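Descriptive structure summary
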Amino acid sequence: QIHSKYVTAINSRNRNKKQQQRRGAKIHHTNTYQSIKMAAAKADSSTNDTTPTTSSTPTPDVIDVTIHPLVLLSATDHYHRVARGTRKRAVGVLLGSASRGSVDATNSFAVPFEEDSKNSSVFYLDHNYLENMLAMFRKVHAKERVVGFYSTGPQIRPNDLRIYELVQRFVPAGTVTPPVFVIIDVRPDRESIPTTAYRVVEEVDSSVPGGDKTGGGAAEVRKSFAHVPSLIGALEAEEVGVEHLLRDINDPTVSTVANLVKAKLSGLSTLTEKLVEMKDYLTAVSEGRMKANSEIIANMQAIVNLLPNLNVEELVRSMLVKNNDMHMVIYLSALIRCVIALHDLVLNKIAYNDEVGDGLGDVKEKKAVKSDGEEKKEEDGDSKKGDRADSKKKS
């Protein structure tokens, strides 16, 4: 028994030694792998220090911007209070939320802003006022954050990039979606959507002196604004409020046909503006004043491809027939409208004569009275002549 216990103890000790050796071998292998990985990382970092590279984390793109009616009303009120009748513009901060590249601007507030008309690089924006207003808005609605800023434009100005950098400081830390810049056109003669949204993009300018295309020289990174689709959206409560406001603006005397014609005219004027803008862009690209954007040119090509082929005789004939039919309907509608208007006028005249009288009855009565008087005078004259004749016979 003692011998068996001794053998068992020796065997257990040998097993423990083997296990410890195996553990040490594993630790050695892991340490060796970690050291090799660290050395490779150091080598990569050393090579990265010698050659310039860009950041691997891509900047999230802004897909679209939704503007709510409250933002439009507050921006319009801000402009009429501060810059109406002048060449100044109003600047404010947009509040809302952003999710997966879609920015939703639900609220805004005005910011004291001044800029020198002679020197475009001189401007003033009140930081303290901006901080105080943000603190008060957070107390009311904690979920709203800074999503960008707006301007009444109506064009982009050189100070907008500097204002963008200032507003970017007030964006909460850890925000993925960058702030946006929205131009709200408050001119009353504008027929299309009054909002135009932009995002900031960085472009590498290789035309800087001293830089070459191979990357051996210096290259300047410039920031510019890129267009982003903008929408007008509203919640249910906002839709009700807008309907109540439009009740006072809507003119009930204007017919529906006039409204439709006005809408068609505004649509055609907007289409003309867009075509002129496309023409100006293509002219600038052909003259070398602007860089060609493949996405814009592809969209223009798609628009041109959608146009109908007017060289087909059947299409031209069908368009002429449709145009003649529409003009015939308009002509018949005008004739029917004139006839109905004349008919209503005659009926109105008849009803008025029945109620008040046409004035012919008094004339007839006067004529009747005059004829009675004349008959009495003739009878009196005849009687007098008869009396005279009798008196002569007697004499």
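See the structure shown above.
Right, let's walk through the structure included here. Since the structure is predicted, the reported quantities are computational estimates derived from the model, not experimental observations.

Re the overall build of the chain
- The helix and strand tally for the chain stands at 9 helices and 10 strands.
- Residues counted as buried form 21% of the 395 residues belonging to the chain.
- Pairs at least 24 residues apart make up 65% of the contacts formed inside the chain by residues separated by at least 6 positions.
- Of the roughly 30,700 Å² of accessible surface on the chain, 57% is carried by carbon and sulfur atoms.

Regarding the packing of aromatic side chains
- Summed over the entire model, instances satisfying the criterion amount to 6 aromatic pairs.
- Here Phe109 and Phe137 contribute two aromatic rings whose centre-to-centre distance is 5.3 Å and whose plane-to-plane angle is 20°, an arrangement assigned as stacked. A residue pair is termed long-range when its members are at least 10 positions apart, and Phe109 in strand β3 (residues 102-110) and Phe137 in helix α3 (residues 127-140) qualify at 28 residues.
- Taking the relative accessible area as the measure of exposure, Phe109 reaches 5% and is therefore buried.

Concerning the sheet that holds strand β6 (residues 145-151)
- Strand order in the open sheet formed by 8 strands is β9-β8-β7-β6-β2-β3-β1-β10, with mixed pairing between adjacent strands. In the strand order of this sheet, the two ends are held by β9 (220-228) and β10 (230-232), each with one partner. Neighbour-to-neighbour, the strand axes of this sheet turn through a mean angle of 35°, independent of strand direction.
- Across 6 bridges, strand β2 (residues 91-99) lies against β6 in antiparallel orientation. What sits directly across from Gly92, in β6, is Tyr150.
- Together, β2, β3 and β6 form the strand contacts of α3, whose direction differs from that of β3 by roughly 115°.
- On the sheet, helix α4 (residues 160-168) packs against β6, β7 (180-184), β8 (195-205) and β9 and is oriented at approximately 160° with respect to β6.

Things to note about helix α6 (residues 256-287)
- For α6, which comprises 32 residues, the first-to-last C-alpha distance of 47 Å matches the rise-based estimate of 46 Å (1.5 Å per residue) to within 8%.
- All of the buried residues along α6 are Ser266, Thr270, Tyr281 and Ala284.
- Where the residues of α6 are buried, they touch α7 (294-305).
- In the segment just after α6, Gly288 is the residue with positive phi, at about 85°.

Looking at the environment of Val111
- Of note, Val111 is situated in the loop between β3 and β4 (113-115).
- On a C-alpha basis, the gap between Val111 and Val93 in space is 7.1 Å, while along the polypeptide they are 18 residues apart.
- Residues in contact with Val111, not counting those within four places in the same chain, are His78, Val91, Gly92, Val93, Leu125, Asp126, Tyr129 and Leu130.

Considering the pattern of salt bridges
- Per the counting criterion, the structure on display carries 8 salt bridges.
- Asp61 is the salt-bridge partner of Arg199, the closest N and O atoms lying 3.1 Å from each other. Here Arg199 is found in strand β8, whereas its partner Asp61 is found in the loop between α1 (2-50) and β1 (64-67), with 138 residues between them in sequence.
- A salt bridge links Arg187 to Asp185; the shortest N-O distance between them is 2.6 Å.
- For Asp185, a relative accessible area of 8% puts it in the buried group.
- If you follow the salt bridges from partner to partner, you end up with Arg89, Glu115, Arg157 and Asp160 in one network.

Some details on unusual backbone geometry
- A cis amide bond, omega 5°, links Gly153 with the succeeding residue Pro154.
- Within the secondary structure layout, Pro154 lies in the loop between β6 and α4.
- Positive phi, normally seen in glycine, also occurs at Arg100, with a value near 55°.
- In this fold, Arg100 is placed in the loop between β2 and β3.

Section: a nonpolar patch on the surface
- The grouping of Met328, Val329, Tyr331, Leu332, Leu335, Ile336 and Ile340 at the surface amounts to a nonpolar patch, some 680 Å² of accessible area in total.
- Within the fold, Ile336 resides in helix α8 (residues 313-356).
- Given the relative accessible area of 52%, Ile336 is considered exposed.

About the cut-offs
Residues numbered from 1 in each chain as written. Predicted model: local features only at pLDDT ≥ 70, side-chain atom pairs only at ≥ 80, totals over all residues. Heavy atoms only, no water. Helix = DSSP H or I, 4+ residues; strand = E, 2+ residues; numbered from the N terminus. Buried < 20%, exposed > 50% of the residue type's maximum accessible area, 1.4 Å probe, protein only. Contact = heavy atoms within 4.5 Å. Areas by Shrake-Rupley, 256 points an atom, 1.4 Å probe, with all protein chains shown as cover. Phe/Tyr/Trp six-rings, centres within 6.5 Å; stacked < 30°, edge-to-face > 60°. Pairing = 2+ DSSP bridges. Axes fitted to C-alpha atoms, helices over the stretch in contact; angles between N-to-C directions. Expected span 1.5 Å × (residues − 1). Salt bridge = Lys/Arg side-chain N within 4 Å of Asp/Glu carboxyl O. Patch = residues over 30% accessible without salt bridge, like charges linked within 9 Å, V, L, I, M, F, W, Y side chains within 5 Å.

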